[in-house]
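Below, each chain spelled out in residue letters.
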Amino acid sequence: SPRPFLVRNPPRSSLRSFASSSASLSASTSTSSDSTGNFVITTPLYYVNAAPHMGSSYTTLAADAMARYKRLAGAHVEFVTGCDEHGEKIAQAAAKAGRTPQEHVDAIAGEYAALWRRLDISNDRFVRTTSATHRAFVTAFLERVWDRGDVYQDAYEGHYCVDCEEYKDEKELVNAAGEPEEGADCCAIHRRPCPIRKEENYFFKCSSYQSQVEALLSAEPSLVSPAFRRNEIATTVAEGVRDFSISRAASPWGIPVPRDESQTVYVWFDALLGYLSALYLPHAGADGDGNGDATRDVTLEEAREILEAMSTRGVEGSGGEAGGRELAPWPVNVHVIGKDILRFHSVYWPAMLTSAGLPTPSRVFSHGFLTKDGLKMGKSMGNTLDPIELLDAYGADAVRFYFLKSISFGNDGDFNEERFINVVNDSLANDVGNLVNRCLNLLRKNGGVRFSLSA
């Protein structure tokens, strides 16, 4: 296949901000800062059952472009990313690798942080759900929901997908070829059988918040974007919002349920709180090292005080103190996620926040899948594209530019290396390169300007 005539392993360049791609992304999401000039943007917290791949990198690149654009526009940005480190699938992956769960998550979280450095990601916060601060917020949040009467215990039986960490309706199941079929038992995303599982768990009364979720979707048509994704969610909500399990008895690797430590908090009820707990960690760069805007972890009592203060502050989202700390900006301005986790973010998450008395996010933007051979690219599928190999061959600027320019944001996009090379050569080497070369020649001829080789 053709090779690019860009220099391999090129140095970082001024293209890293990708202002034009960022402006396009900003226009597509129509997302604004709050009235205080704050802008909070998040990626999903990535599941650390295996090393990062290009699918998770794509989401992070998109959020990074938006964060950079907002900083250029003068906003105070909090760009949150990180790792979701609890759950049955992670414990299984650790055992398979001959490691303890903690050893496993430490190793994989380190790979994510290293990759974000290679991709020149400008995140402000890197949260890990195994942190003491996160545990305090999950416990305090669950207490608020419980005290509201929105938690109950019940038995549940159904098809369970370990990869998705959720029970599946029969109408969601397909056969091994991915086709709907009576009696099928495979997850439509992972194409693996979902065995019947029966457990007694704690459930969240999500159904109690159907009217509130419907009101949010009606009052804020842009709450879920793109519009066709909003239509999908509106249809799902109209069919009836159902209660969902918030604990697991079979997964010891997790945060204990505060009023029943024989169970652990369900991975999604745990992970979604990472968007909040991240804002109270020591301020972190891409490597996850704190640089001192908080000197210690938040305690449980402090987390309770912070949540109470956030609930009374309202939706303005800035200012005030609680638990000996300045309150962080809230709510989130935009969650950038993949379409497979849209329901969790646009139905479950607003209902959870409403139950706890906290403001709901302003926007959830759901992009499509990166595909390979027509299938979602994912670790569980075993068909990932290794971002390290791309970076080693072409450098961060070329990788960033291609995925932001060449895939219609919101839709699925298929990766093809020959197309990648052509886009990089045509757009960067030919168009931008020719422009720079002509500008340099004009400066040299008419201005007597001389340039060093490094310039």
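Whatever comes next refers back to the structure up there.
Residues numbered from 1 in each chain as written. Predicted model: local features only at pLDDT ≥ 70, side-chain atom pairs only at ≥ 80, totals over all residues. Heavy atoms only, no water.

## Observations concerning the overall build of the protein
The criterion, for reference: Strands are runs of DSSP state E lasting at least 2 residues, helices are runs of H or I lasting at least 4, and numbering of each runs from the N terminus. With a 1.4 Å probe rolled over the protein chains alone, any residue whose accessible area is under 20% of its type maximum counts as buried; one over 50% counts as exposed, and the rest are partly exposed. Each accessible area is a Shrake-Rupley result for a 1.4 Å probe, and residues are judged covered by the shown protein chains and nothing else.
Check the secondary structure of the protein and you find 14 helices and 20 strands. By the burial criterion, 54% of the 455 residues in the protein qualify as buried. Summed over its atoms, the accessible surface of the protein is roughly 19,400 Å², and 49% of this surface lies on carbon and sulfur atoms.

## A word on the pattern of salt bridges
Pairing between side chains becomes possible if they bear opposite charge and their charged atoms approach one another. Heads up, the condition is: One speaks of a salt bridge when a side-chain nitrogen belonging to Lys or Arg is within 4 Å of a carboxyl oxygen belonging to Asp or Glu.
A full pass over the atoms with the stated rule returns 19 salt bridges. The partner of Glu-85 in a salt bridge is Arg-128, with the nearest N and O atoms 2.6 Å apart. One end of the pair, Glu-85, is in the loop between β2 (76-84) and α3 (88-96); the other, Arg-128, is in strand β3 (residues 125-128), with 43 residues separating them in the sequence. Taking relative accessible area as the criterion, Glu-85 reaches 0% and is therefore assigned buried.

## Some words on the packing of helix α13 (residues 396-405) against helix α14 (residues 417-447)
Put simply, the test is: Axis geometry follows a simple rule: fit a line to the C-alpha atoms, using only the stretch in contact for helices, then measure angles between N-to-C directions, giving values from 0 to 180 degrees. Oblique is the label for every angle not falling under 35 degrees (roughly parallel), over 145 degrees (roughly antiparallel), or within 65 to 115 degrees (roughly perpendicular). Whether two residues touch is decided by their heavy atoms; if any such pair falls within 4.5 Å, the residues are in contact.
Interhelical geometry of α13 versus α14 gives an angle of 100 degrees and a closest axis separation of 10 Å. Here α13 lies roughly perpendicular to α14, going by the angle between them. Here α13 contributes Asp-397, Ala-398, Val-399, Phe-401, Tyr-402 and Lys-405 to the contact with α14, which in turn contributes Arg-419, Phe-420, Val-423, Val-424, Ser-427 and Leu-428.

## Thoughts on the packing of aromatic side chains
For clarity, the threshold we go by: Working definition: a ring pair exists when centres of Phe, Tyr or Trp rings (six-membered ring for Trp) sit within 6.5 Å. Plane angles under 30 degrees give stacked, over 60 give edge-to-face, the rest tilted. Put simply, a charge is over a ring when the Lys NZ or the Arg CZ is close to the ring centre, within 6 Å, and near the line of the ring normal, within 35 degrees.
In this structure the tally under the stated criterion is 26 aromatic pairs. Ring geometry for Tyr-160 versus Tyr-167: centroids 4.9 Å apart, planes at 65 degrees, classification edge-to-face. We note that Tyr-160, like Tyr-167, is buried. Note on Phe-365 and Phe-409: the rings are 4.8 Å apart at their centroids and 5 degrees apart in plane angle, and the pair reads as stacked. Within this pair, whereas Phe-365 is found in strand β17 (residues 364-367), its partner Phe-409 is found in the loop between α13 and β20 (413-414), the two being separated by 44 residues in sequence. Stacked on the ring of Phe-39, the Lys or Arg Lys-70 has its end atom at 5.2 Å from the ring centre.

## Focus: the side chain of Asp-84
Condition: For the purpose of counting charges, residues Lys and Arg are taken to be positive, whereas Asp and Glu are taken to be negative. His and the chain ends are not included.
Locating Asp-84 in the fold gives a position in strand β2. Buried charge without a partner: Asp-84 forms no salt bridge, and the closest opposite charge is Lys-89, 8.5 Å away. When neighbours within four sequence positions are excluded, Asp-84 is seen to be in contact with Leu-45, Tyr-46, Tyr-47, Val-48, Ile-90, Thr-129, Val-267 and Ala-271.

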